[in-house]
Amino acid sequence: MPELPEVQALVDFLAERTDGLAVASVELASFSVLKTFDPPPAALAGGMVDGWSRHGKFLDLNVDGIHLVFHLARAGWLRWSEALPHTVMRPGKGPIALRVRFDDDSGFDLTEAGTKKSLAAYIVRDVNEVPGIARLGPDPMADGFDEDTFAGMIEGRRTQIKGLLRDQEFLAGVGNAYSDEILHVARLSPFAIAGSLKPAEVERLYAALRDTLAGAVVAASGKPAAELKDAKREGMRVHGRTGQPCPVCGDTVREVSFADSSLQYCATCQTAGKPLADRRMSRLLK
């Protein structure tokens, strides 16, 4: 799933590429992807691109005050083309869910792999009409998001820190991959209880959060959409690297598997050398 750095890179790429363009058409190949009905897709046709924004993991295309907002979810992606084909899309055939064409014939397809469909698009006059945006927590890269603010958010939370970092109502834009990376940099167990962290640990976690995301944003910046997935994988320290050596201490990166996801960590760096139980019980092996 694309997270804050990749979504920001997509926004920056699309903003530069569509500057001065108008929307020619919006075509649906999957009617279930569009979660709103008013305004209709035709309302975007002919409108000038006013800009792109990011709200957590949501991308927002502003077209003369009407917003096309979309969330790529786990298996969705944006595929840019300098010259979109003019073939008629057939609903239910292939991975394309939605196509946006601009007046120079460039544009993008929103695609989704697999059978579990979570890709979502909305056409709204106010982005806060999108439920997921209305519920978002603060953006960790915002200028006003300081350590005191973060410490206050964590205080009293009887929740595992890994899950809390991924909670979009707590913090906008961090997902499974970057929460692993942040906790590795901060040298904290993913199962640590957020409200029990000591002040020095909160300080480390805040610094790791900001530095990891800022570094990933810089690394992703300027890359076209087609290169962002590989760039993300290549930049990971522990996430997705089970069985490989930790880049800090050389210990083997370990994994805890859940029903529909997994986490990676280094026992030496994060859990005082004790492997975490590889089951849903959030405790250390005795």
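First things first, this report covers the structure right here in the doc. As the structure is a prediction and not an experimental result, all values here were calculated from the model.

### Quick word on the packing of aromatic side chains
So, point 1. Inspection of the entire model under this criterion finds 9 aromatic pairs.
So, point 2. Where W80 meets F102, the ring centres are 6.2 Å apart and the plane angle is 35°; that geometry is what we call tilted. Of this pair, W80 sits in strand β5 (residues 76-81) while F102 is found in strand β6 (residues 96-102), placing the two residues 22 residues apart along the sequence. We note that W80, like F102, is buried.
So, point 3. Judged by centre distance (6.2 Å) and plane angle (45°), the rings of F102 and F108 are tilted. For the pair F102 and F108, a shared accessibility class is recorded, and that class is buried.
So, point 4. Three or more aromatic residues joined by ring pairs form one cluster here, namely F13, W52, F70, W80, F102 and F108.

### Regarding the sheet that holds strand β3 (residues 58-63)
So, point 1. As summarised here, the arrangement of the 4 strands in space is β2-β3-β4-β8, forming an open sheet in which the pairing is antiparallel. Two strands bound the open sheet, and with one partner strand each, they are β2 (49-55) and β8 (120-124). For this sheet, the mean inter-axis angle between neighbouring strands, taken without regard to orientation, is 15°.
So, point 2. Relative to β8, strand β4 (residues 66-71) runs antiparallel, the two sharing 5 bridges. Of the residues in β8, the one forming a bridge with F70 is A121.
So, point 3. This element, helix α1 (residues 4-18), spans β2 and β3 of the sheet and lies at about 175° to β2.

Reading the values: rules and limits
Residues take numbers from 1 onward in each chain, read along the sequence in its written order. The predicted nature of this model means local features are confined to residues of pLDDT at least 70 and side-chain atom pairs, given and counted, to a pLDDT of 80 or more, with totals for whole chains, interfaces and linings taken over all residues. Only heavy atoms go into the side-chain values, all of them from the structure, while hydrogens and water stay out. Pairing of aromatic rings covers Phe, Tyr and Trp, the last counted by its six-membered ring, and requires centre-to-centre distances within 6.5 Å; plane angles under 30 degrees mean stacked, over 60 mean edge-to-face, and any other angle means tilted. The way it works is that DSSP assigns letters per residue, a run of H or I at least four long becomes a helix, a run of E at least two long becomes a strand, and they are numbered from the N terminus. Each residue is assigned to one of three classes by its accessible area relative to the maximum for its type, calculated with a 1.4 Å probe on protein chains only: buried under 20%, partly exposed between the two thresholds, exposed over 50%. At least two DSSP bridges between two strands are required for those strands to pair. Lines fitted to C-alpha atoms define the axes, with helix axes restricted to the stretch in contact, and inter-axis angles between N-to-C directions lie between 0 and 180 degrees. When checking whether two residues touch, look at their non-hydrogen atoms; a contact exists if any pair is within 4.5 Å.

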